[in-house]
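Remarks on the overall topology
Single-letter residue listing:
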Amino acid sequence: EAGVAQSPRYKIIEKRQSVAFWCNPISGHATLYWYQQILGQGPKLLIQFQNNGVVDDSQLPKDRFSAERLKGVDSTLKIQPAKLEDSAVYLCASRAYGISVNTEAFFGQGTRLTVV
Amino acid sequence: ELKVEQNPLFLSMQEGKNYTIYCNYSTTSDRLYWYRQDPGKSLESLFVLLSNGAVKQEGRLMASLDTKARLSTLHITAAVHDLSATYFCAAPATSGTYKYIFGTGTRLKVLA
């Protein structure tokens, strides 16, 4: 089974520029997450989708971050304008839904963003 | 909101030794997850603990859950270098949801 795909793997931008990340979850997984992981810390949830609807975006800095999941499959996360403190790894994860409570979230390789 | 704390944050141990990583969480949770992360890599699922008293073992790692104490442990038996990684525990923010809150992580280094 193919895993969660993310692109790009690395991105370097200047502050105040914009950037977008793409995620393709595991086929059939209805729940999709975006996490931000700052170096040396645990992942912090930014947004959770169920199909194409937002379940939780309470930790998403909505003045600069946006995310969408069109058609309930792929998702994009955008930052505009970027700040230095946005430098982090952005992880996408997906989880099956409605099959079993036993299932955990599966993570992609992440996109490492450096804002200079 | 749920807070998840791990200790120790850093652990350096000799090969062949045993040690335990602790994961405390602040509010009632019905599930607990353990993940492993190698440097520059993504998170790999290790264990899913679903009930009080649950114990799971894979190789040299054993995880347990005590929901009454709000505590999970990850025990390492006879450590080997390949276990060097960062280990995270995660719990749902509220019971019945799948909004996972991660701990701070424990960076484990096994010395040969």
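First, a word on what this report is: a plain description of the structure on this page. Keep in mind that this is a model prediction, so the values were computed, not measured.

1. Focus: the side chain of Ser42 of chain B
For Ser42 of chain B, the position within the fold is in the loop between β4 (32-37) and β5 (43-49). Take Ser42 of chain B: its relative accessible area is 9%, and that puts it in the buried class.

2. Here we look at unusual backbone geometry
All names here are of chain A. For the bond from Ser7 to Pro8, the omega torsion is -10°, close enough to zero to count as cis. Tracing the chain through its elements places Pro8 in the loop between β1 (5-7) and β2 (10-13). Residue Pro81 is reached from Gln80 by a cis peptide bond, and omega for that bond is -5°. Mapped onto the elements, Pro81 comes out in the loop between β8 (75-79) and β9 (88-95). In this structure, Asn51 takes a positive phi of about 55° despite not being glycine. The exposure class assigned to Asn51 is partly exposed, which follows from its relative accessible area of 42%.

3. Thoughts on the layout of surface pockets
Empty space within the largest pocket amounts to approximately 720 Å³. Taken together, 34 residues make up the lining of the largest pocket; nearest its centre are Gln37, Leu39 and Gly40 of chain A together with Gln37 and Arg107 of chain B. Residue assignment for the lining of the largest pocket shows that the elements contributing at least two residues are β9 and β11 (111-115) of chain A together with β9 (85-92) and β11 (106-111) of chain B. Of the residues in the lining of the largest pocket, the class split is 13 nonpolar, 15 polar and six charged. What the second largest pocket holds in volume is close to 360 Å³.

4. Details of the sheet that holds strand β3 (residues 19-24) of chain A
Residue and element names in this part refer to chain A. Spatial ordering of the open sheet is given by β1-β3-β8-β7, a layout of four strands whose pairing is antiparallel. The open sheet is flanked by β1 and β7 (65-68), the only strands paired with a single partner. Going across the sheet, the axis of each strand differs from the next one's by a mean of 15°, ignoring polarity. Direction of pairing for β7 relative to β8: antiparallel, over a ladder of four bridges. Within the sheet, the bridge partner assigned to Glu68 lies in β8 and is Thr76.

5. Examining the sheet that holds strand β1 (residues 4-7) of chain B
All names here are of chain B. Strand order in the open sheet formed by five strands is β1-β3-β8-β7-β6, with antiparallel pairing between adjacent strands. In this open sheet, the two edge strands, each paired with only one partner strand, are β1 and β6 (55-58). Neighbour-to-neighbour, the strand axes of the sheet open up by a mean angle of 15°, direction not taken into account. Bridge count between strand β3 (residues 19-25) and strand β8 (residues 71-76): six bridges; the pairing is antiparallel.

6. A word on the packing of aromatic side chains
Scanning the entire structure with this criterion turns up 12 aromatic pairs over all chains. Judged by centre distance (6.0 Å) and plane angle (40°), the rings of Tyr33 of chain A and Tyr35 of chain A are tilted. With relative accessibility at 0%, the residue Tyr35 of chain A sits in the buried group. Judged by centre distance (5.6 Å) and plane angle (50°), the rings of Tyr35 of chain A and Phe107 of chain A are tilted. Residue Tyr35 of chain A is located in strand β4 (residues 31-37), and its partner Phe107 of chain A is located in strand β10 (residues 106-107); the two are separated by 72 residues in the primary sequence. The burial state of Tyr35 of chain A is the same as that of Phe107 of chain A; both residues are buried. Site record: aromatic cluster; members linked through ring pairs are Tyr33, Tyr35 and Phe107 of chain A together with Tyr33, Tyr35, Phe88, Tyr98, Tyr100 and Phe102 of chain B.

Reading guide: rules and limits
- Here, residues in each chain are numbered from 1, in the same order as that chain's written sequence.
- For this description, chains carry letters from A and ligands carry numbers from 1, given in the order in which they are written.
- Two thresholds apply to this predicted model, a pLDDT of at least 70 for residue-level local features and 80 or more for giving and counting side-chain atom pairs, whereas whole-chain, interface and lining totals are computed over all residues.
- The side-chain figures draw on all heavy atoms in the structure; neither hydrogens nor water molecules are used.
- Strands are runs of DSSP state E lasting at least two residues, helices are runs of H or I lasting at least four, and both sets are numbered from the N terminus onward.
- Here's how the labels work: a residue is buried when its accessible area is under 20% of the maximum for its type, exposed when over 50%, partly exposed in between, all with a 1.4 Å probe on protein chains only.
- A cavity here means a set of points on a 1 Å grid, drawn over the protein atoms and nothing else, where a 1.4 Å probe fits but cannot get out; a pocket is an open set with protein on both sides within 12 Å along at least five of seven lines, and a residue lines either one if it has an atom within 4 Å of a point.
- Grid points are joined across faces, edges and corners, and a volume is the space filled by probe spheres set on the points.
- Residue polarity is assigned by list, with Asp, Glu, Lys and Arg as charged and Ala, Val, Leu, Ile, Met, Phe, Trp, Tyr, Cys and Pro as nonpolar; anything else, Gly included, falls into the polar class.
- When DSSP finds at least two bridges between two strands, those strands are taken to pair.
- Helix axes use the C-alpha atoms of the stretch in contact, all axes being lines fitted to C-alpha atoms, and the angles between their N-to-C directions lie in the range 0 to 180 degrees.
- Geometry of aromatic contacts follows a simple scheme: Phe, Tyr and Trp rings, the Trp one being its six-membered ring, pair when their centres are within 6.5 Å, and the pair is stacked under 30 degrees between planes, edge-to-face over 60, tilted otherwise.

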